[in-house]
Amino acid sequence: MNNQITVTSPLLPDLNEYNQLLQDIWSRKWITNNGHYHQELEKQLSEYLGVPYLSLFTNGTLPLITALQALGIHEGEVITTPYSFVATTHSIWWNKLRPVFVDVDPNTGNIDPNKIEAAITDKTIAIMPVHVYGCPCDVERIDAIAKKHNLKVIYDAAHAFGVTYKGKSVLEWGDLSTLSFHATKVYNTIEGGAMVMHSAEMKYDVDNLKNFGFRGETNVVAPGINSKMDEMRAAYGLLNLKQVDWAIEQRKRVAKRYVEALDGVKGIRIFPYIKQSIISSFSEAVQSLIPFKWNFAYFPILITEDFGMSRDELYEKMKGQGVMGRRYFYPLITGFEPYNHYDSATAENLPIAKMLAEQVICLPMHPYLTEEDVERVIKSIVL
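### Here we look at the pattern of salt bridges
With the rule as written, the count across this model stands at 20 salt bridges. The partner of E140 in a salt bridge is K166, and the shortest N-O contact between them spans 2.9 Å. Taken as a pair, E140 in helix α6 (residues 139-149) and K166 in the loop between β6 (164-165) and β7 (168-169) lie far apart in primary sequence, 26 residues in all. Residue classification places K166 among the exposed residues on the basis of a relative accessible area of 52%. Note that K354 is salt-bridged to E358, the shortest N-O span being 2.8 Å. Linking K354 with E358, this pair stays in helix α12 (residues 351-359), spanning four residues, or about one helical turn.

### With respect to the sheet that holds β7
Sheet architecture is open: three strands sit in the order β7-β6-β11, paired in antiparallel fashion. Lying at the two open borders of the sheet, with one neighbouring strand each, are β7 and β11 (292-293). Bridging between β6 and β11 involves two bridges; their strand directions are antiparallel. Pairing of T164 across the sheet is with K293, part of β11.

### Observations regarding the environment of E75
Considering the arrangement of structural elements, one finds E75 in the loop between α3 (61-70) and β2 (77-80). For E75, a relative accessible area of 64% puts it in the exposed group. When the C-alpha atoms of E75 and R98 are compared, they prove to be 8.0 Å apart, with 23 residues separating the residues in sequence. Ignoring sequence-local partners within four residues, the contact set of E75 consists of L97 and I125.

Definitions and cut-offs
- Residues numbered from 1 in each chain as written.
- Predicted model: local features only at pLDDT ≥ 70, side-chain atom pairs only at ≥ 80, totals over all residues.
- Heavy atoms only, no water.
- Salt bridge = Lys/Arg side-chain N within 4 Å of Asp/Glu carboxyl O.
- Helix = DSSP H or I, 4+ residues; strand = E, 2+ residues; numbered from the N terminus.
- Buried < 20%, exposed > 50% of the residue type's maximum accessible area, 1.4 Å probe, protein only.
- Pairing = 2+ DSSP bridges.
- Contact = heavy atoms within 4.5 Å.

Function cannot be inferred from these measures alone, as they are strictly geometric.
This is the structure in structure tokens:
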């Protein structure tokens, strides 16, 4: 276990600095409910991410659930992707809405806009896409489709911390976007999350919804929930915000070596945007190759039939050498019992998503990987 290379490792702040902030929290005697560090983290995250309004949550699932409530979506169908973590669809289920699954783009894993339009019916009320692995969806086409059909768009941006599209935060797109600050993410607050919105009025409503629906001291205006972030996690997040740029640079270093070693290996496919991001991030002359700035959140590879062994065989081989990959996302959400009965959940309807789920392995990716670690990962795959 001591020699195991894990698929991820949490970004950790300096313990002495954290203890100093904890001592301040103890002296203030205010540990939750919009305290000093909570307010400061909202402010600093808004500035860092380049967004006008942000509301912190205690995890990344609750803002997804709350976003549908905040937009007044109470019945109908929500078009979404099967290629995501199950929390995406759970948020639809918890709002008593019907998920409609459509297929994905083979070069990104993101929802395919062509399939979105084909799935729209008179019951469709919203679209919930996911920026898979931090790669932005085709936000412009999704925006055009939503406007054409008068639909709301909620982006699950759990992977997209710090990602920009055409020089602006990708969180600016859609009616609302949600983030996860789970320990496995590029930036974490141990557990945590956020919702990004475009107006002070929406932030006011969301802040009420995450505090039981209270508006003022004695008035409850909606059946809200308790999903406020506490002061300890907010302080932890403030310290991690100071080092997240360093963490992304370290992830870039790891990704560059993976591309050098694995690109061109028979039976291994790397998403084109990953290779382009590596090139553009190290060469200003070719930064126009892609219109977005990636955050190196994950490093997925696809194992095709030419590799000589199946994805699962490679996964077990790596594990036997102490290298922990992750089959992420596998199985598809549509393979789980709560959702496999929907008409849109059939394998015939989702051939690309099914193929990706059966081929993908996410390689170890975190800022603390040494050069020796990375070489061990590579050798566990190609030797």
